[in-house]
Amino acid sequence: HTTGVAARLLCWWLTRAVSLRCACPTHLRTGRVLAAGPPGCGKGSQSPAIKQEHCLCHLATGDMLRAAVKAGTELGKTAKKAMDSGGLVSDDLVVGIIEDAVKAPECSKGFILD
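Overview of the structure. (Residues numbered from 1 in each chain as written. Predicted model: local features only at pLDDT ≥ 70, side-chain atom pairs only at ≥ 80, totals over all residues. Heavy atoms only, no water.)

**What about the overall build of the protein chain?**
Alright, step 1. The helix and strand inventory of the protein chain stands at 5 helices and 3 strands.
Alright, step 2. Seen in sequence order, the protein chain has helices and strands lined up from the N terminus as α-β-α-β-α-α-α-β.
Alright, step 3. For the protein chain, with 114 residues in total, the buried portion stands at 32%.
Alright, step 4. Considering only contacts in the protein chain between residues 6 or more positions apart, those separated by 24 or more positions represent 68%. (Helix = DSSP H or I, 4+ residues; strand = E, 2+ residues; numbered from the N terminus. Buried < 20%, exposed > 50% of the residue type's maximum accessible area, 1.4 Å probe, protein only. Contact = heavy atoms within 4.5 Å.)

**Points about the environment of Pro38**
Alright, step 1. Take Pro38: it is sitting in the loop between strand S1 (31-34) and helix H2 (43-54).
Alright, step 2. Taking C-alpha positions, Pro38 is 9.5 Å from Gly4, a pair spaced 34 residues apart along the chain.

**Describing a nonpolar patch on the surface**
Alright, step 1. Residues Leu9, Leu10, Trp12 and Trp13 make up a contiguous nonpolar surface patch of roughly 470 Å² in combined accessible area.
Alright, step 2. Assessed through its relative accessible area of 35%, Leu10 is described here as partly exposed. (Patch = residues over 30% accessible without salt bridge, like charges linked within 9 Å, V, L, I, M, F, W, Y side chains within 5 Å. Areas by Shrake-Rupley, 256 points an atom, 1.4 Å probe, with all protein chains shown as cover. Salt bridge = Lys/Arg side-chain N within 4 Å of Asp/Glu carboxyl O.)

**Focus: the state of the cysteines**
Alright, step 1. Taken as a whole, this structure holds 1 disulfide when the rule is applied.
Alright, step 2. In this model, Cys57 is linked to Cys107 through a disulfide, with the two sulfur atoms separated by 1.8 Å. On the S-S bond that ties Cys57 to Cys107, the torsion sits near 100 degrees, and the link is right-handed. With Cys57 in strand S2 (residues 57-59) and Cys107 in the loop between helix H5 (91-102) and strand S3 (110-113), this residue pair connects regions lying 50 residues apart in the sequence.
Alright, step 3. Take Cys107: its relative accessible area is 7%, and that puts it in the buried class. (Disulfide = S-S within 2.5 Å.)

**Here we look at the nonpolar core**
Alright, step 1. Counting residues in hydrophobic clusters, the biggest one holds 13 residues, and the most contacted among them are Cys57, Leu59, Met64, Leu65, Ala79 and Val89.
Alright, step 2. Contributing elements (two or more residues each) for this core: S2, helix H3 (61-71), helix H4 (74-84) and H5.
Alright, step 3. In terms of residue count, the dominant contributor to this core is H5 (4 residues).
Alright, step 4. Core analysis: the second largest hydrophobic core is formed by 6 residues, Leu14, Ala35, Ile50 and Leu56 among them. (Core = buried A, V, L, I, M, F, W, Y, C linked by side-chain atoms within 4.5 Å.)

**Let's talk about the packing of H3 against H5**
Alright, step 1. The N-to-C vectors of H3 and H5 enclose an angle of 90 degrees; their axes lie 10 Å apart at closest approach. Looking at the two axes, H3 sits roughly perpendicular to H5. Residue-level contacts link Thr61, Met64 and Leu65 of H3 to Val94, Ile97, Ile98 and Ala101 of H5.
Alright, step 2. Residues that form the contact of H3 with H5 fall into these classes: 6 nonpolar, 1 polar and no charged. (Axes fitted to C-alpha atoms, helices over the stretch in contact; angles between N-to-C directions. Parallel < 35°, antiparallel > 145°, perpendicular 65-115°, else oblique. Nonpolar A, V, L, I, M, F, W, Y, C, P; charged D, E, K, R; others polar.)

**Considering the pairing of S1**
Alright, step 1. Burial of the side chains of S1 is restricted to one face: Gly31 and Val33 are buried, whereas none of Arg32 and Leu34 on the reverse face is.
Alright, step 2. Bridge count between S1 and S3: 4 bridges; the pairing is parallel. Bridge assignment links Val33 to a residue of S3, and that residue is Ile112. (Pairing = 2+ DSSP bridges.)

**Quick look at the pairing of S3**
Alright, step 1. Where S2 and S3 come together, 3 bridges link them in parallel fashion. Paired with Leu59 across the strands is Leu113, a residue of S3.

These values are about where atoms sit, not about what they do.
Written out as C-alpha cells, the structure is:
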C-alpha cells in the first residue's frame, strides 16, 4: 500500500533528521520536533525512541488532555465539556496545555510534539 510506505518513509526521515540535529550528551542545542502524519504511521512508536536517544520530552496532546480531565483540573473540566459533546477542544486550550508542559524541567532540552 503506497500510503503505508510513504508514512514509514516519513517516520524514518523524521528519526534521521533528529539524529543529525541533536545529540543529548554532546550538544547543548535544544530540539523541537513536530511528528505529523496520518493515524497509524508510527508517530507514537517513533517518538519515545527519539525522546530517549536525544533527551527530549514527548508531548502527546491527546494524552495530555485525557490526563487533565482525569486530574480534574480547570483546563481538564473545560476540555471534558467539549469532548463529551463530541466537539473539538479549542486551540487556545490545547496551546495552554502545551505551554504549561514545555515549562517542565524534562523539556529543557526540547520536545517532540505528537
